[in-house]
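Results of the structural survey
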Amino acid sequence: MQNKNDYITMLGTGNAHATRCYNTCFTLHGEKSVLLVDAGGGNGILTQLEEAGIRREDISDLFVTHAHTDHLLGCIWVIRMALEDGKSLRVWSHAKVLNLLTSICQQILPKNQAESMEELVTMHLLEDGDKFEAGGFPLQCFDIHSTKERQFGFEAQLSDGRRLCCLGDEPFSPQCRQYAEGTDWLMSEAFCLYEDRDRFQPYEKHHSTVLDAARLAEELRVKNLILYHTEDRTLDTRRERYTLEAKTAFSGHVFVPDDLERIFL
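Read on for a plain summary of the structure.

All right, on to the sheet that holds strand β7 (residues 131–134) then. Overall, mixed pairing links the seven strands, which are arranged β7-β8-β9-β10-β11-β12-β13 in an open sheet. Where the open sheet ends on each side, the last strands, each with one partner, are β7 and β13 (253–255). Each strand of the sheet is rotated relative to its neighbour by a mean of 25 degrees, with strand direction disregarded. Bridge analysis of β7 against strand β8 (residues 137–143) gives four bridges, and the strand direction is antiparallel. Its bridge partner being in β8, glutamate 133 is matched across the sheet by proline 138. Strand contacts of helix α7 (residues 210–219): β11 (185–189) and β12 (224–228), with the helix running at about 155 degrees to β12, the strand carrying the most contacts.

For helix α8 (residues 235–247), built from 13 residues, the straight-helix expectation of 18 Å at 1.5 Å per residue is met to within 8% by its first-to-last C-alpha distance of 19 Å. At arginine 241, α8 shows its largest bend, some 25 degrees. Where α8 is concerned, the buried positions are Arg238, Tyr242, Glu245 and Ala246. Elements in contact with the buried residues of α8: α7, β12 and β13.

The seven strands lie next to each other as β6-β5-β4-β3-β2-β1-β14, forming an open sheet whose pairing is mixed. Both edges of this open sheet fall to β6 (121–125) and β14 (261–264), since each of them pairs with a single strand only. Between one strand and the next, the sheet's axes are offset by a mean angle of 20 degrees, whatever the strand orientation. Strand direction decides the pairing type here: strand β2 (residues 25–29) and strand β3 (residues 34–37), joined by four bridges, are antiparallel. Residue pairing for β3: threonine 27 is matched across the bridge by leucine 36.

Before going further, it helps to spend a moment on the side chain of aspartate 169. Summarising the element assignment, aspartate 169 is placed in the loop between β10 (163–166) and α5 (177–180). Separated by 3.5 Å, the side chains of aspartate 169 and histidine 66 make a polar contact. Not counting chain neighbours up to four residues away, the residues in contact with aspartate 169 comprise His66, His71, Gln151, Glu189, His207 and His229.

To continue, consider the packing of α7 against α8. Taken N-terminus to C-terminus, the directions of α7 and α8 make an angle of 45 degrees; their axes are 8 Å apart at the nearest point. As far as their axial angle goes, α8 and α7 are oblique. The chirality of how α7 crosses α8 is right-handed. Contacts between α7 and α8 involve Val210, Leu211 and Ala214 on the former and, on the latter, Tyr242, Glu245 and Ala246. The residue makeup of the contact of α7 with α8, split by class, is five nonpolar, no polar and one charged.

Per the counting criterion, the structure on display carries 20 salt bridges. With a shortest N-O distance of 2.9 Å, arginine 55 and aspartate 58 are connected by a salt bridge. Taking the relative accessible area as the measure of exposure, arginine 55 reaches 47% and is therefore partly exposed. For glutamate 127, the salt bridge goes to arginine 150, with nearest N and O atoms at 3.8 Å. Of this pair, glutamate 127 sits in the loop between β6 and β7 while arginine 150 sits in the loop between β8 and β9 (152–157); the two residues are 23 residues apart in sequence, bridging distant segments of the chain. What emerges from the salt-bridge pattern is a single network uniting Arg177, Glu181, Glu219 and Arg221.

Parameters at a glance
- Residues numbered from 1 in each chain as written.
- Predicted model: local features only at pLDDT ≥ 70, side-chain atom pairs only at ≥ 80, totals over all residues.
- Heavy atoms only, no water.
- Pairing = 2+ DSSP bridges.
- Helix = DSSP H or I, 4+ residues; strand = E, 2+ residues; numbered from the N terminus.
- Axes fitted to C-alpha atoms, helices over the stretch in contact; angles between N-to-C directions.
- Contact = heavy atoms within 4.5 Å.
- Expected span 1.5 Å × (residues − 1).
- Bend = angle between axes of the 7 residues up to and from the residue.
- Buried < 20%, exposed > 50% of the residue type's maximum accessible area, 1.4 Å probe, protein only.
- Polar contact = N/O pair within 3.5 Å; in protein donor to acceptor, adjacent residues only side chain to side chain.
- Parallel < 35°, antiparallel > 145°, perpendicular 65-115°, else oblique.
- Left-handed = near helix turned anticlockwise from the far one by under 90°.
- Nonpolar A, V, L, I, M, F, W, Y, C, P; charged D, E, K, R; others polar.
- Salt bridge = Lys/Arg side-chain N within 4 Å of Asp/Glu carboxyl O.

So, in structure tokens, the structure goes:
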């Protein structure tokens, strides 16, 4: 059953090195406002928003998972556009991300914009397990226990009471089970097909394969699985082949979206 009010727009589905699609980021839409989750690695975020028909002024909140370039740098452009538009924006993340965004913006944005940041952009410091509301959704963030860079995932309650869990872009940690188990929608990275692991080397990069994500979703008794943060060399066959591999281990619904695709929740 689809929720007619809530949906995701996948602005980007690729990993850090993707050039044939945009880096992974998405919007979560409710009835009245929009939550942007990450923003990719550059001003391509502005093109993606425009192509998706998402007005910048409708984005009330920005949740940033971690400080890697392919997630953080596009946020500079989102903040800059909010300042140019004279619109308030709430940014949610942990201390390192907020400090970096504040410092970079103060140093590289035009003086009048940098001076208006304190008035228009509210930086909300999050800790592991914090509950808050963003984009009109009740959320709870959690530390994914990354071995590379501190990173937050989140659990969101949709308008009909169902749950969505975003695991970030690294392999699942059992310490996060309480947020993901039994969820209605699970968003998981899938760097490549298991059968292509020798070609793309996901494990050496601390990432998962489609088969790994599918097995996890089945173990967690998830209803719907969304796969993202993938390689970009097999885009022509990605949806078909990823879905087939996921279906060998997962009994629920599998979604392998392209950039700009909308998923009704």
